[in-house]
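# Inside the fold
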Amino acid sequence: MSIRNVNDLRDKYQKRVNEMTGEIWKFNRESNKIRAKAFAEELKEYINGKFVFEVGCHEGDVLYEFSKYASKVVSVEFNEEPAMIAKEREYECDAVVEY
């Protein structure tokens, strides 16, 4: 993926989140889920049917959304509490969360 494509992707993602929430940087549980969904939707053509590795999944919002398109998702979370929450989620594909 070229730098131009990455910048275009970032711009599309920010626009999508703004459309969905109106307040892109309002940090709370619901806005985190909305951002994760928008991010995964923008990346779906790149991750569809593929193995995805995420570093620092926190409670697994992005990982969950990636699992809708990927064949397998794996993540490492360095904080125990959010890792335990992420491990308990039900994902759409084979998923592994390690602490």
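Residues numbered from 1 in each chain as written. Predicted model: local features only at pLDDT ≥ 70, side-chain atom pairs only at ≥ 80, totals over all residues. Heavy atoms only, no water.

## Side note on the overall build of the protein chain
The secondary structure content of the protein chain amounts to 4 helices and 3 strands. Each of the 99 residues in the protein chain was classed as buried or not, and the buried ones make up 35%. Residue pairs in contact within the protein chain that sit at least 24 positions apart in sequence constitute 35% of those at least 6 positions apart. Roughly 6,400 Å² of accessible area belongs to the protein chain as shown, and the carbon and sulfur atoms make up 49% of that amount. (Helix = DSSP H or I, 4+ residues; strand = E, 2+ residues; numbered from the N terminus. Buried < 20%, exposed > 50% of the residue type's maximum accessible area, 1.4 Å probe, protein only. Contact = heavy atoms within 4.5 Å. Areas by Shrake-Rupley, 256 points an atom, 1.4 Å probe, with all protein chains shown as cover.)

## Considering a nonpolar patch on the surface
Together, Phe51, Phe53, Val55 and Phe78 give the surface a local cluster of nonpolar side chains, amounting to about 470 Å² of exposed area. Within the secondary structure, Phe53 is located in strand β1 (residues 51–55). Note on Phe53: relative accessible area 47%, which makes it partly exposed. (Patch = residues over 30% accessible without salt bridge, like charges linked within 9 Å, V, L, I, M, F, W, Y side chains within 5 Å. Salt bridge = Lys/Arg side-chain N within 4 Å of Asp/Glu carboxyl O.)

## Structural notes on the packing of aromatic side chains
Counted by the stated rule, this structure contains 2 aromatic pairs. When the ring of Phe39 is compared with that of Phe66, the centres are 5.7 Å apart and the planes differ by 35°; the resulting orientation is tilted. Taken together, the residues span a long stretch of sequence, with Phe39 in helix α2 (residues 29–47) and Phe66 in helix α3 (residues 61–66) at a distance of 27 residues. Since its relative accessible area comes to 6%, Phe66 is described here as buried. Ring geometry for Tyr64 against Tyr91: centres 6.4 Å apart, planes inclined by 45°, an arrangement best described as tilted. You can see Tyr64 sitting in helix α3 and its partner Tyr91 sitting in the loop between α4 (80–88) and β3 (94–98), a full 27 residues away along the chain. Residue classification places Tyr91 among the buried positions, given a relative accessible area of 16%. (Phe/Tyr/Trp six-rings, centres within 6.5 Å; stacked < 30°, edge-to-face > 60°.)

## Topic: α4
Where α4 is concerned, the buried positions are Pro82, Ala83 and Ala86. What you see down the axis of α4 is that its buried residues fit within an arc of 105°, all on one side. Facing away from the buried surface of α4 by more than 90 degrees, the exposed residues are Glu81 and Glu88. Buried residues in α4 make contact with β3. (Arc of directions from axis to C-beta.)

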